[in-house]
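Residue-level listing of the chains:
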2 protein chains.
Amino acid sequence: MSTDVLAGPVPATDHVTVAVSTVIFALRPHPTTGVSTLWLPLVRRIREPYEGQWALPGGPLESDEDLVTSARRTLERTTGLDPRHLEQLYSFGAVDRSRAGDEQQCRDRVVSIVYWALVRAEEAERAVNGQNVRWFVADEVPELAFDHNAIVRYALARLRSKITYSPIAHAFLDDEFTLAQLRAVHEGVLLRPLDPANFRRQVLASSSVEPTGQFLTGTSHRPPALYRSLSRPTHQPEEQA
Amino acid sequence: MSTDVLAGPVPATDHVTVAVSTVIFALRPHPTTGVSTLWLPLVRRIREPYEGQWALPGGPLESDEDLVTSARRTLERTTGLDPRHLEQLYSFGAVDRSRAGDEQQCRDRVVSIVYWALVRAEEAERAVNGQNVRWFVADEVPELAFDHNAIVRYALARLRSKITYSPIAHAFLDDEFTLAQLRAVHEGVLLRPLDPANFRRQVLASSSVEPTGQFLTGTSHRPPALYRSLSRPTHQPEEQA
């Protein structure tokens, strides 16, 4: 076996399987309040363990595909989505994370490498939504298979943290957007109102956007200016995609 | 097999092995310039593939240990280090990343889950340093086994980015430190001088430190104030440790 080991006997790792899963976020109106909020798609498991329960889209890593290729493949297959922003989130490998109640039924161990993706509302509307794939309000998901509730909680915390210091909010918007639209994204993610003047000042100071010279048409008598993103792609290691 | 799969046949993943490796940084004087700079320990491989080449400390994930437990175990075994700051960095899984020149010799595929650690200079001095474990200037490592050069580059970029928005620099220091010592850490990591007055203003505005009420003794007639860290642990998912 080829391993990164320095010395010593090679322990038995035959029962560790690698899976790649993805947490996909989109902003859509809350079903009761109508307020813009985060949603994510889940898939229903059609086999044991956790048969019938909802889980993150994903699947085992195939031996001839890279991690991000695996994430894109299972996303496309289960939801029809091809997100613009796709980023590695974290790898989850607690020893008992894939064991259901019945130990005999499921002895093997799974390490899940989890990606997170951001998609625009129009994309989310076009995505698959059926008996075995359904969108949920991200803060109100049911009890999920494996440790997927913990993964969703971590992805939400990461998104809410990262939006405060990185221009990832742009991934929820079209190529051109108003500062009010950008603020609505931040408010939907953070679940709280933001002061318009402060928000405008901070965004313009961050040099993450530039005016396009165009204005939003069909609105008020003082149409708002349109901006475009100046942000570079998220800093990530080079991955074969 | 228990996998996070929605449907479809389970592909053959038997040849994917999971390894856990760690990039450990310490600040020590550069051997020629004497300027404080980042170093890291590497271990010499004593078996194929890449026998004789330097590599990051690490090893295969054992089936009964969590990811962070694996990182701590191989760190302790190879370097004797038990770092205060240990954080998951990224998982590397390009298809051909573990294949040496001789395909026959090494057909299996390895996904490496990489952690990064920060240790204080005194700890680094007490660490193992021998024929098969040696410290290198982080920006001047030789050609490493596997894709470990790319991993080191990414870890350096991540550290240099994160130090600008997070109080991780404290991990390089004792529990009490002066603002000049904290600035020296930032300068050693970023490889450039920082304006003392600006640095002081930014650190105090960040609320990441508080004065201890004590002063550094044995120095000038105006001894500098000592501070302690107010930072919470890095935001990470709950891991069994």
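Residues numbered from 1 in each chain as written. Chains lettered and ligands numbered in written order. Predicted model: local features only at pLDDT ≥ 70, side-chain atom pairs only at ≥ 80, totals over all residues. Heavy atoms only, no water.

Per an unreviewed UniProt entry, chain A is named Hydrolase, NUDIX family, and its organism is Aeromicrobium marinum DSM 15272.

**What to know about the overall build of chain A**
Short version of the rule: A run of H or I in DSSP becomes a helix once it reaches four residues, and a run of E becomes a strand once it reaches two; helices and strands are each numbered from the N terminus. The cut-offs for exposure are 20% and 50% of the maximum accessible area for each residue type, with area from a 1.4 Å probe on protein chains only; residues under the lower value are buried, those over the upper are exposed, and the others partly exposed. Contact definition: two residues touch when any of their heavy atoms are within 4.5 Å. Working definition of accessibility: Shrake-Rupley area with a 1.4 Å probe, residue cover restricted to the visible protein chains.
Of regular secondary structure, chain A possesses five helices and ten strands. Relative to its full complement of 241 residues, chain A shows a buried share of 54%. A separation of at least 24 residues holds for 64% of the contacts in chain A among residues at least 6 apart in sequence. Total accessible area on chain A is roughly 11100 Å²; 49% of this is exposed by carbon and sulfur atoms.

**Overview of the nonpolar core**
The tendency in soluble globular proteins is for nonpolar side chains to be buried side by side. The cut-off we apply is this: As used here, the term nonpolar core means buried Ala, Val, Leu, Ile, Met, Phe, Trp, Tyr and Cys residues forming a set that is joined through side-chain atoms within 4.5 Å.
Of all hydrophobic cores here, the largest spans 126 residues; its most connected members are Phe25(A) and Phe25(B). If we skip the residues at most four places from it in the chain, Phe25(A) touches Leu38(A), Trp39(A), Leu40(A), Trp116(A), Ala117(A), Leu118(A), Val119(A), Ala138(A), Ala155(A), Leu156(A), Leu159(A) and Phe172(A).

**Focus on the packing of aromatic side chains**
Residues and elements named next belong to chain B. Formally: Two aromatic rings from Phe, Tyr or Trp, using only the six-membered ring of Trp, form a pair when their centres are within 6.5 Å; if the ring planes differ by under 30 degrees the pair is stacked, by over 60 it is edge-to-face, and anything between is tilted. In this analysis the charged atom, NZ for Lys or CZ for Arg, is taken to sit over a ring once it is within 6 Å of the ring centre and within 35 degrees of the ring normal.
This structure, assessed with the given rule, holds eleven aromatic pairs over all chains. Above the plane of the ring of Trp-39 lies Arg-28, whose end atom (NZ or CZ) is 5.9 Å from the centre. The positively charged end of Arg-28 is found above the aromatic ring belonging to Trp-135, 5.0 Å away from the centroid.

**What about unusual backbone geometry?**
Cis geometry marks the peptide bond from Glu48(A) to Pro49(A); its omega dihedral reads -5°. Locating Pro49(A) in the fold gives a position in the loop between strand E2 (36–44) and strand E3 (54–55). For Phe146(A), which is not glycine, the phi torsion reads 50° and is therefore positive. Position of Phe146(A) among the secondary structure elements: in the loop between strand E7 (133–137) and helix H3 (148–162). Look at Phe146(A) and you get buried, because its relative accessible area is 8%. Backbone geometry at Leu191(B) places phi at a positive 60°, although glycine is not the residue there.

**Section: the layout of surface pockets**
All names here are of chain A. What counts is decided by this rule: Computed over the protein atoms alone on a 1 Å grid, cavities are sets of points where a 1.4 Å probe fits but cannot get out and pockets are open sets with protein on both sides within 12 Å along at least five of seven lines; a residue lines them when it has an atom within 4 Å of a point. Grid points are joined across faces, edges and corners, and a volume is the space filled by probe spheres set on the points.
Here the second largest pocket defines a volume of roughly 460 Å³. Forming the walls of the second largest pocket are 19 residues, and the residues nearest its centre are Ile-163, Thr-164, His-186, Gln-202 and Val-203. Listed by contribution, the elements that provide at least two residues to the lining of the second largest pocket are helix H4 (179–190) and helix H5 (196–206). With five residues, H5 is the largest single contributor of residues to the lining of the second largest pocket.

**Thoughts on the sheet that holds strand E10 (residues 225–229) of chain A**
Residues and elements named next belong to chain A. For the record, the criterion: Pairing between strands is defined by DSSP: at least two bridges between them are needed.
Across the sheet, three strands lie side by side as E8-E10-E9; this open sheet has antiparallel pairing. Edge positions in the open sheet fall to strand E8 (176–177) and strand E9 (209–215), since each of these has one partner strand only. Of the strand pairs in this sheet, E9 and E10 are connected by four bridges, and their pairing is antiparallel. Counted as the bridge partner of Val-209 is Ser-229 from E10.

**A few points about the environment of Arg45(A)**
Residue and element names in this part refer to chain A. Operational definition: Polar contact criterion, stated in full: a pair of N or O atoms within 3.5 Å, where within protein one must be able to donate a hydrogen and the other to accept it, and residues adjacent in sequence count only if both atoms are side-chain atoms.
When you line up the elements, Arg-45 lands in the loop between E2 and E3. Given the relative accessible area of 2%, Arg-45 is considered buried. Here the alpha-carbon distance between Arg-45 and Pro-57, two residues twelve residues apart in the chain, equals 9.6 Å. In terms of polar contacts, Arg-45 uses its side chain to reach the backbone carbonyl oxygen of Pro-49, at 2.7 Å.

**Side note on the packing of H4(A) against H5(A)**
To characterise two packed helices, one gives the angle between the axes of the helices and the distance between these axes. Residues and elements named next belong to chain A. Applied cut-off: Axes, fitted as lines to C-alpha atoms, cover a helix only where it is in contact. Angles between the N-to-C directions of the axes lie from 0 to 180 degrees. Any angle that is under 35 degrees is reported as roughly parallel, and any over 145 degrees as roughly antiparallel; angles of 65 to 115 degrees are reported as roughly perpendicular and all others as oblique. Throughout this entry, Asp, Glu, Lys and Arg are counted as charged residues, while Ala, Val, Leu, Ile, Met, Phe, Trp, Tyr, Cys and Pro are counted as nonpolar. The remaining residues, Gly among them, count as polar.
Interhelical geometry of H4 versus H5 gives an angle of 100° and a closest axis separation of 10 Å. Classified by the angle between their axes, H4 and H5 sit roughly perpendicular to one another. Seen from H4, the contacting residues are Leu-179, Leu-182, Arg-183 and His-186; seen from H5, they are Pro-196, Phe-199, Arg-200, Val-203 and Leu-204. Broken down by class, the residue content of the contact of H4 with H5 amounts to six nonpolar, one polar and two charged.

**A word on the domain arrangement of chain A**
In many reports, interface size means the accessible area that the parts give up when they come together. All names here are of chain A. Where we set the bar: How far each domain reaches was decided by an automatic or database domain assignment. By definition, the buried area sums, over both parts, the 1.4 Å-probe accessible area that each loses when the two are put together. We count a salt bridge whenever a side-chain nitrogen from Lys or Arg sits within 4 Å of a carboxyl oxygen from Asp or Glu.
Taken as a whole, chain A is organised into domain 1 (15–162) and domain 2 (167–229). Taking only C-alpha atoms, the centre of domain 1 and the centre of domain 2 are 29 Å apart. In this assembly, 17 residues from domain 1 lie in contact with twelve residues from domain 2. When domain 1 packs against domain 2, close to 1200 Å² is buried across both sides, 65% of that on carbon and sulfur atoms. Of all residues in domain 1, Leu-27, Arg-84 and Arg-160 give up the largest surface area on contact with domain 2, accounting jointly for 38% of the area buried on that side. Viewed at the interface, domain 2 and domain 1 are joined by two salt bridges. Of the charged contacts, one joins Asp-175 and Arg-84 as a salt bridge, the two residues approaching to 2.9 Å between their closest N and O atoms. Of all the secondary structure elements, the ones that give two or more residues to the side of domain 1 that touches domain 2 are strand E1 (16–29), E2, strand E6 (109–118) and H3.

**What about the pattern of salt bridges?**
All names here are of chain A. If you walk through the whole model with that rule in mind, you get 22 salt bridges over all chains. For the salt bridge of Arg-160 with Asp-139, the shortest nitrogen-to-oxygen distance reads 2.7 Å. Of this pair, Arg-160 sits in helix H3 while Asp-139 is found in the loop between E7 and H3, placing the two residues 21 residues apart along the sequence. Through salt bridges with shared partners, a single ionic network connects Glu-62, Glu-65 and Arg-73.

**Remarks on the sheet that holds strand E10 (residues 225–229) of chain B**
With respect to topology, three strands assemble into an open sheet ordered E8-E10-E9 (chain B), the strand pairing being antiparallel. Only two strands of the sheet have a single partner each, and these edge strands are strand E8 (176–177) and strand E9 (209–215) of chain B.

**With respect to the pairing of strand E5 (residues 85–92) of chain B**
All names here are of chain B. Most of E5 is tucked away: eight of the eight residues are buried. For E5 and strand E6 (residues 109–118), the ladder comprises seven bridges, and the chain directions are antiparallel. Paired with Leu-86 across the strands is Ala-117, a residue of E6.

**So, helix H1 (residues 67–79) of chain A**
Every α-helical turn comprises 3.6 residues, leaving residues that sit three or four positions apart pointing alike. Definition in use: Multiplying 1.5 Å by the residue count of a helix minus one yields the expected span of that helix.
Across its 13 residues, H1(A) extends 18 Å between first and last C-alpha, which sits within 8% of the 18 Å expected from 1.5 Å per residue. Residue Gly80(A) follows H1(A) closely and has a positive phi angle near 75°.

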